[in-house]
Amino acid sequence: VAIHPDKETIQPKSNRPAEFSDLFNGGPLFLPALGISVLMGLAVMGGFLLLIIPGFIVLLIWWPCYLLVIDGKSSVMDSFGLARTITEGNLGPTFLMWLVSGIALIGLCACCVGFLFAAPLIMLLPVVAYLMMSGQIPPQPDTSFQKRMV
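Every value quoted in this text rests on a predicted model; they were computed, and no experiment measured them.

A. Local environment of the packing of aromatic side chains. A complete count under the given rule lists three aromatic pairs for this structure. Geometrically, the ring pair formed by Phe48 and Phe56 is edge-to-face, given 5.2 Å between the ring centres and 85° between the ring planes. For the pair Trp62 and Phe80, a centre-to-centre distance of 4.7 Å together with 65° between the ring planes defines the contact as edge-to-face. Here Trp62, found in helix 3 (residues 53–62), pairs with Phe80, found in helix 5 (residues 78–87); they are 18 residues apart in sequence, far enough to count as distant.

Right under this line is the structure:
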């Protein structure tokens with residue numbers, strides 16, 4: 001069930017209303033998603049066993065693996081190399097994204113303030129970052145300088 005929302009976020013169907021049965025259309029992606037989840041879990045766990053910092057490095061480099069498999073851009077094993085290519089020049093923004101998400105989730109767990117508004121945004125943040133880093137969404141131009149010049 002969790003595969004479909006991510007797939008719909010990455011590849012929306014524009015001319016068709018959503019139906020309840022759409023929640024269960026991720027069946028063919030179940031085994032690849034399970035495989036990538038197990039491999040990522042083992043890699044991150046191994047990294048955390050090596051004094052925590054390597055675990056965070058693995059997370060920063062390989063976080064788009066699941067989305068690459070769901071998006072159909074690569075197979076399970078190829079997604080690790082492609083994820084490294086995507087995140088290669090984006091480690092700073094990736095760290096900032098996960099830091100902001102973590103702080104927001106801690107705040108949500110502590111106070112439950114704004115849960116209905118903040119949780120969907122936190123869940124969409126990695127998907128939108130993946131789409132921008134992989135070039136599927138062009139970065140927005142900075143028009144603030146142009147507005148000041150006029």
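B. The packing of helix 2 (residues 30–49) against helix 3, seen in detail. Between helix 2 and helix 3, the least distance of the axes is 6 Å, while the angle of their chain directions is 145°. Together, Met40, Ala43, Val44, Gly47 and Phe48 of helix 2 and Pro54, Gly55, Phe56, Val58, Leu59 and Trp62 of helix 3 make up the contact between the two elements. Here the residues of the contact of helix 2 with helix 3 sort into nine nonpolar, two polar and no charged.

C. The arrangement of the nonpolar core in detail. In this structure, Ile36, Met40, Trp63, Cys65 and Tyr130 are the most contacted members of the largest nonpolar core, which totals 19 residues. Those elements that provide at least two residues to this core are helix 2, helix 4 (65–71), helix 5 and helix 7 (115–133). In terms of residue count, helix 7 provides more of this core than any other element does, five residues in total.

D. Region of the structure containing the side chain of Ser74. Along the chain, Ser74 falls in the loop between helix 4 and helix 5. Polar side-chain contacts of Ser74 include one of 3.5 Å to the backbone nitrogen of Ser79. Dropping the residues within four chain positions of it, Ser74 is found in contact with Leu68, Val69, Ser79 and Leu82.

E. Examining the packing of helix 3 against helix 5 more closely. Between helix 3 and helix 5, the least distance of the axes is 7 Å, while the angle of their chain directions is 85°. Taken together, the axes of helix 3 and helix 5 lie roughly perpendicular to each other. Contact with helix 3, carried on its side by Leu60, Ile61 and Trp62, involves Phe80, Ala83, Arg84 and Thr87 of helix 5 and no other residues of that element.

Scoring rules and cut-offs
Residues numbered from 1 in each chain as written. Predicted model: local features only at pLDDT ≥ 70, side-chain atom pairs only at ≥ 80, totals over all residues. Heavy atoms only, no water. Phe/Tyr/Trp six-rings, centres within 6.5 Å; stacked < 30°, edge-to-face > 60°. Helix = DSSP H or I, 4+ residues; strand = E, 2+ residues; numbered from the N terminus. Axes fitted to C-alpha atoms, helices over the stretch in contact; angles between N-to-C directions. Contact = heavy atoms within 4.5 Å. Nonpolar A, V, L, I, M, F, W, Y, C, P; charged D, E, K, R; others polar. Core = buried A, V, L, I, M, F, W, Y, C linked by side-chain atoms within 4.5 Å. Buried < 20%, exposed > 50% of the residue type's maximum accessible area, 1.4 Å probe, protein only. Polar contact = N/O pair within 3.5 Å; in protein donor to acceptor, adjacent residues only side chain to side chain. Parallel < 35°, antiparallel > 145°, perpendicular 65-115°, else oblique.

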